[in-house]
Amino acid sequence: MAKKSSIVKNLRRERLVSKYASKRAKLKEIIYDKDVSDEERFSAVLKLAELPRNGAKIRVRNRCSITGRPRGNYRKFGMSRISLRKLASEGLIPGVTKSSW
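Fair warning: this is a prediction, and the values are worked out from it, not measured in the lab.

J.: Describe the overall build of the protein chain, and please don't skip the residues or the numbers.
T.: Helix and strand counts for the protein chain stand at three helices and two strands. Listed N to C, the secondary structure of the protein chain is α-α-β-β-α in terms of helices and strands. By its C-alpha atoms, the protein chain is 65 × 35 × 15 Å across when sized along the principal axes. When burial is assessed residue by residue, the protein chain has 24% of its 101 residues classed as buried. Long-range contacts, defined here as pairs at least 24 residues apart, represent 37% of the contacts in the protein chain between residues at least 6 apart. When the accessible area of the protein chain is evaluated, it comes to approximately 8300 Å², of which 53% is carbon and sulfur surface. Here the protein chain contributes 27 positively and 9 negatively charged side chains, and the mean placements of these two sets differ by 19 Å.

J.: Before we move on, can you summarise a nonpolar patch on the surface with the specific residues and values?
T.: A surface patch of nonpolar side chains, amounting to about 280 Å² of accessible area, comprises Phe-42, Val-45 and Leu-46. Note on placement: Leu-46 falls in helix α2 (residues 38-50). For Leu-46, a relative accessible area of 43% puts it in the partly exposed group.

J.: So what's going on with the layout of surface pockets? Which residues, and what values?
T.: There is about 200 Å³ of room inside the largest pocket. What lines the largest pocket is a set of 17 residues, among which Arg-61, Asn-62, Arg-63, Cys-64 and Ser-65 lie closest to the centre. Secondary-structure elements contributing two or more residues to the lining of the largest pocket are α1 (4-32) and β1 (73-74). No other element matches the four residues that α1 contributes to the lining of the largest pocket. Grouping the amino acids of the lining of the largest pocket by side-chain chemistry returns six nonpolar, seven polar and four charged.

What counts and what doesn't
- Residues numbered from 1 in each chain as written.
- Predicted model: local features only at pLDDT ≥ 70, side-chain atom pairs only at ≥ 80, totals over all residues.
- Heavy atoms only, no water.
- Helix = DSSP H or I, 4+ residues; strand = E, 2+ residues; numbered from the N terminus.
- Buried < 20%, exposed > 50% of the residue type's maximum accessible area, 1.4 Å probe, protein only.
- Contact = heavy atoms within 4.5 Å.
- Areas by Shrake-Rupley, 256 points an atom, 1.4 Å probe, with all protein chains shown as cover.
- Lys, Arg positive; Asp, Glu negative; His and termini not counted.
- Charge placed at Lys NZ, Arg CZ, Asp CG, Glu CD.
- Patch = residues over 30% accessible without salt bridge, like charges linked within 9 Å, V, L, I, M, F, W, Y side chains within 5 Å.
- Salt bridge = Lys/Arg side-chain N within 4 Å of Asp/Glu carboxyl O.
- 1 Å grid on protein atoms, 1.4 Å probe; cavity = no way out; pocket = protein on both sides within 12 Å on 5 of 7 lines; lining within 4 Å.
- Points joined across faces, edges and corners; volume = space filled by probe spheres on them.
- Nonpolar A, V, L, I, M, F, W, Y, C, P; charged D, E, K, R; others polar.

Now the structure itself:
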């Protein structure tokens, strides 16, 4: 089980990402547009730098929804390899069976 503080910190980051997503997208659109003047682009860069760092999507860590484990996660299931194997062996995940040949 992961530390509660790590899980809470990641949830806070997810909330910040959703809050600032549109603002960041607009600023990045201005920055990458070559038709906009250099002064406008530079001011957009400064405004982007003023936004909180944890508002960036890249700062969110994929964690297991059951244990909070940060590594070895399957995006499709939203859980770690360990939790996935345990629940699949018990038959609690529909459509997933342990292979045998």
